[in-house]
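What the coordinates show
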Amino acid sequence: MKLEKFMTVYAASREWRISEGFFEVIKSIDSYSEWFSGKAKGYGQNLVLVEALPTIKKIYDQNVQEFNNYNSNSDYINMGTLMKGVLKTDIELKQMIDSKKYEHLYVKLLRRKRIDSVFGPYIYFFKHDFLEECEYLTTGFISKALGKRGIKVSNATILNYKRNGELMVKVNNYGLDTLSLKEVESLVLDKRKEKYSLSQKYSIENSNFTVLNSEQRKTIEDYLSFRAQGGRISHNNYRAKKYIANKEETIPKLRSALATFFFRIICSRCHIEQQPKMRYASLTHEEKKQYNPDIFNPLDVDVEDAFAFTAKSKTTTAVSVYQTIKPFYSWVLQRRKAEASTPEKWFEFGQLERRIESFLNQFPANYNEVPADEKINQKEKAFLTREQMVLVRMKILNAPLSHNPYKYASIWELCCVSALRPYEVRKLRIEYFLLDSEGFLALNNRGWGVLHLPREASKQERSSSHPIYGTPIPPGTVKRINEYLRRLYKKQRNEPVGVGYMFRPEDLFPESGYKSSIIFDMTRLKEQLDFLTLEQRRDFELKTARRSMNNLIDGFSVKLPIERLNGRIQKVAADVQMRHQIAGDIGEKHYTETISEEDFYTVLDLTINFPWDLNELAKWEKEIYKEDRGLISKPKNNKEEYALSNHQVSPTHLIDNSELSARIMEIKKQLNKLRKRPKELSLEEWFEKREALEKELFSIK
């Protein structure tokens, strides 16, 4: 064998730009050792076969690239960082690796510089889930591990618990304090439960109801008891609804609303300045001294009391107050009228009735009584196409500041195919769906998921799912909802699966739902919906999904590819999926056979069972409806449509082509800068500026 077929490792490392230590790493692996042994052995261990160098270089470069990729990937922790953040020694970590139990939680790469005395020729990158197997961690790692479980807690909070002596501390080999993950989790949850209980107690103690006197509270409770039992209120041609829907929520809201009504009159009589949202807890110390509930008797109201609400309030607020107090005072008068058994009592009742009616007459009874100088915003409803529904979901998933975009994307998609209202989303429970044994959405014999929304979780307890068909959920949506549930179940740890609220403020607590139907703020999302007009963006809401779904099934322009399904069948299918009463005359409602399962599912399959991928959606629509929609067009205003329909030529069309191209480039450049709202522009200014540029660009093209 000739000497020139070998090269010293020192020379090879410089010529091929390979770390010298990497040759030792390669040599320690059996499959590569022949490059450094056998015929090369006689020339010394610091020699390497020349013909092996291209392969070694390729392995080295690939290894360096993978190292850099994993090192910059926030989903992985490099070995050096991990060892500083756990209590375990390097030998204990190596034993965990050798056990093969955690292979799914790490990747291994060849070391680049030298062989490690414990880990040999390999370096490891660990997934964050590996932290949960290490028990004792530094505060930074504990915060990340708990975050993966859906428990958000800062380093500062954990350090505060440690300083207060509430946690056991163990020092690792690097001299850093580590804490038990289980102990911290248990403490954090206990603190949260304690805080929640205290906030509930504080809320009750500082509610407007608790600062009323005993007679005022008793009057409210007597009224609410009457309503809860389905008592009929009828006075002077006014009849309140006999039954209250969703009593467990409506009764507390009525109690709070009436208490606030009493409280504001008391404040007005005590010369405490009226605020938009009056609460006893927000009064100053001096105002609390002035406050005296005994100054007001609910039966002794007058015109001046009404001005406490109408003088500075908007019409919408005053109407809301009127809708609360009208049935209350009708109940009061109805009861007093029944007690007026003598001429004296009848005379007293007449005085009371006139006084209360004079008081109530100061309030606007409906929104038609708007003053000339006050405007009530009329919402510009948007009806989205399938493409736009998909785009909204993509915008939600890509929202940079959202703490749980997958949950909000799931809410949006589910509303687009099931027509859930915001209130119903809040009340939605996992067990309302057809489930498998592991608590995930299952498919029926037609390959669809099924939601059985009960009466008590629906709008005014009158909009439950169809008793036979339920509310079908497309299989693609089922798959994505199950992915959301998989994440949810992982975070909620030891809580039972397949039960509890589908969407929660805290993933940990299945039985703690949202208090408000406004589950996520759409302000930032509206900024990105550049395929809608300014007015539609401003008024965009979750209910847009429901309206759009109905429009996809039964809109004026929808023509199903199977002719016999158009018309009555199409309309009934929409009503069933929307959970509406079936439209039609007496014969159609009560003397006509219900829609068949085959027809119902076929209509849904042709309208809402579409792919939630833009490319796949384009193919689907072309196949089903023989349409090639192409790119989503920008909305036109009426003037633009009129000009186009009458073949009017915009002045910009007369501009020289070179100037035209330059202007188009300039507009696109400005639009690119306005993709995100500049700080100096308000939301409305930003919308208007973008829309003006988009209109100009459209007119040029």
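Summary of the structure given here. Per chain, the residues get numbers from 1 upward, laid out in the order the sequence is written. Only residues with pLDDT of 70 or above have their local features reported here, since the model is predicted, and side-chain atom pairs are shown and tallied only from 80 upward, although totals for entire chains, interfaces and linings are computed over all residues. Side-chain calculation: all heavy atoms of the structure are included, whereas hydrogens and water are not.

1. Some points on the overall build of the protein chain
Each helix is a run of DSSP H or I of at least 4 residues and each strand a run of E of at least 2, with the numbering of both proceeding from the N terminus. From N to C terminus, the protein chain includes 28 helices and twelve strands. Each residue is assigned to one of three classes by its accessible area relative to the maximum for its type, calculated with a 1.4 Å probe on protein chains only: buried under 20%, partly exposed between the two thresholds, exposed over 50%. The proportion of buried residues among the 701 residues of the protein chain is 45%. Note on definitions: a residue-residue contact is assigned when non-hydrogen atoms from the two residues lie within 4.5 Å. Considering only contacts within the protein chain whose residues lie at least 6 apart along the sequence, 67% involve residues at least 24 apart. We get accessible surface area from the Shrake-Rupley algorithm with a probe of 1.4 Å; when it comes to residues, only the shown protein chains can shield them. Total accessible area on the protein chain is roughly 38,900 Å²; 50% of this is exposed by carbon and sulfur atoms.

2. Notes on the packing of aromatic side chains
Only centres within 6.5 Å qualify two rings of Phe, Tyr or Trp (six-membered ring in Trp) as a pair; their planes then separate them into stacked at under 30 degrees, edge-to-face at over 60, and tilted for everything else. Scanning the entire structure with this criterion turns up 36 aromatic pairs. With a centroid separation of 5.5 Å and an interplanar angle of 70°, the aromatic rings of Phe-262 and Phe-296 are classed as edge-to-face. Residue Phe-262 is located in helix α10 (residues 247-269), and its partner Phe-296 is located in the loop between α11 (285-290) and α12 (303-310); the two are separated by 34 residues in the primary sequence. The residues Phe-262 and Phe-296 share a single accessibility class, namely buried. Relative to Trp-620, the ring of Phe-610 has its centre 6.3 Å away and its plane inclined at 55°; by these criteria the two rings are tilted. Remark: Trp-620 occurs in helix α25 (residues 614-625) and Phe-610 occurs in the loop between α24 (597-607) and α25; sequence separation between them is ten residues. Since its relative accessible area comes to 5%, Phe-610 is described here as buried.

3. Overview of the packing of α24 against α25
Comment: axis = line fitted to C-alpha atoms, over the contacting stretch for helices; angle = value between 0 and 180 degrees taken between N-to-C directions. In contact at an axis separation of 10 Å, α24 and α25 are set at 130° when each is read in the N-to-C sense. Compared by their axis directions, α24 and α25 come out oblique. Seen from α24, the contacting residues are Asp-605, Leu-606 and Thr-607; seen from α25, they are Trp-620, Ile-624 and Tyr-625. When grouped by side-chain class, the residues that make up the contact of α24 with α25 number four nonpolar, one polar and one charged. Angles below 35 degrees are treated as roughly parallel, those above 145 as roughly antiparallel, those between 65 and 115 as roughly perpendicular, and all remaining angles as oblique. Only Asp, Glu, Lys and Arg are considered charged in this grouping, and only Ala, Val, Leu, Ile, Met, Phe, Trp, Tyr, Cys and Pro are considered nonpolar; every other residue, Gly among them, is considered polar.

4. Description of the nonpolar core
Proteins that are soluble and globular tend to have nonpolar side chains buried together. Counting residues in hydrophobic clusters, the biggest one holds 76 residues, and the most contacted among them are Trp-412, Leu-428, Leu-485 and Met-502. Going through the elements one at a time, α15 (386-397), α16 (405-418), β11 (449-451), α18 (475-491), α21 (543-554), α22 (568-578), α24 and α25 are the ones with two or more residues in this core. When residues of this core are assigned to their parent elements, the largest contribution, nine residues, is made by α16. Setting aside anything within four residues of it in sequence, one finds Leu-485 in contact with Ile-430, Gly-439, Phe-440, Leu-441 and Met-502. Side-chain atoms within 4.5 Å link the members of a nonpolar core, which is a set of buried Ala, Val, Leu, Ile, Met, Phe, Trp, Tyr and Cys residues. Within the second largest apolar cluster, 46 residues are counted, among which are Phe-263, Met-278, Leu-283 and Phe-328.

5. Thoughts on the side chain of Gln-536
Tracing the sequence through the fold places Gln-536 in helix α20 (residues 534-538). Excluding its chain neighbours within four sequence positions, the residues that come into contact with Gln-536 are Glu-380, Lys-381 and Ala-382.

6. Digging into the sheet that holds strand β6 (residues 136-137)
Read across the sheet, three strands follow the order β6-β8-β7 without closing on themselves; strand pairing throughout is antiparallel. The outermost strands of the open sheet, each flanked by one partner alone, are β6 and β7 (169-171). We call two strands paired when DSSP finds no fewer than two bridges between them. Note that β7 and strand β8 (residues 177-180) share three bridges and pair antiparallel. Its bridge partner being in β8, Lys-170 is matched across the sheet by Thr-178.

7. Describing the sheet that holds strand β3 (residues 76-78)
Across the sheet, which stays open at both edges, the three strands sit in the order β3-β5-β4 with antiparallel pairing between neighbours. Every interior strand has two partners, whereas the edge strands, β3 and β4 (106-110), have only one. For this sheet, the mean inter-axis angle between neighbouring strands, taken without regard to orientation, is 30°. Where β3 and strand β5 (residues 122-127) come together, three bridges link them in antiparallel fashion. In the sheet register, Tyr-76 faces β5, and the bridge partner there is Lys-127.

8. Digging into the pairing of β8
If a strand is regular, its side chains alternate between the two faces of the sheet. Examined bridge by bridge, β6 and β8 share two bridges and lie antiparallel to one another. Counted as the bridge partner of Tyr-136 is Ser-180 from β8. In this antiparallel pair of consecutive strands, β7 and β8, the connection spans five residues, and Gly-175 shows a positive phi of 80°.

Fair warning: the whole summary comes from geometry, so function is off the table for now.
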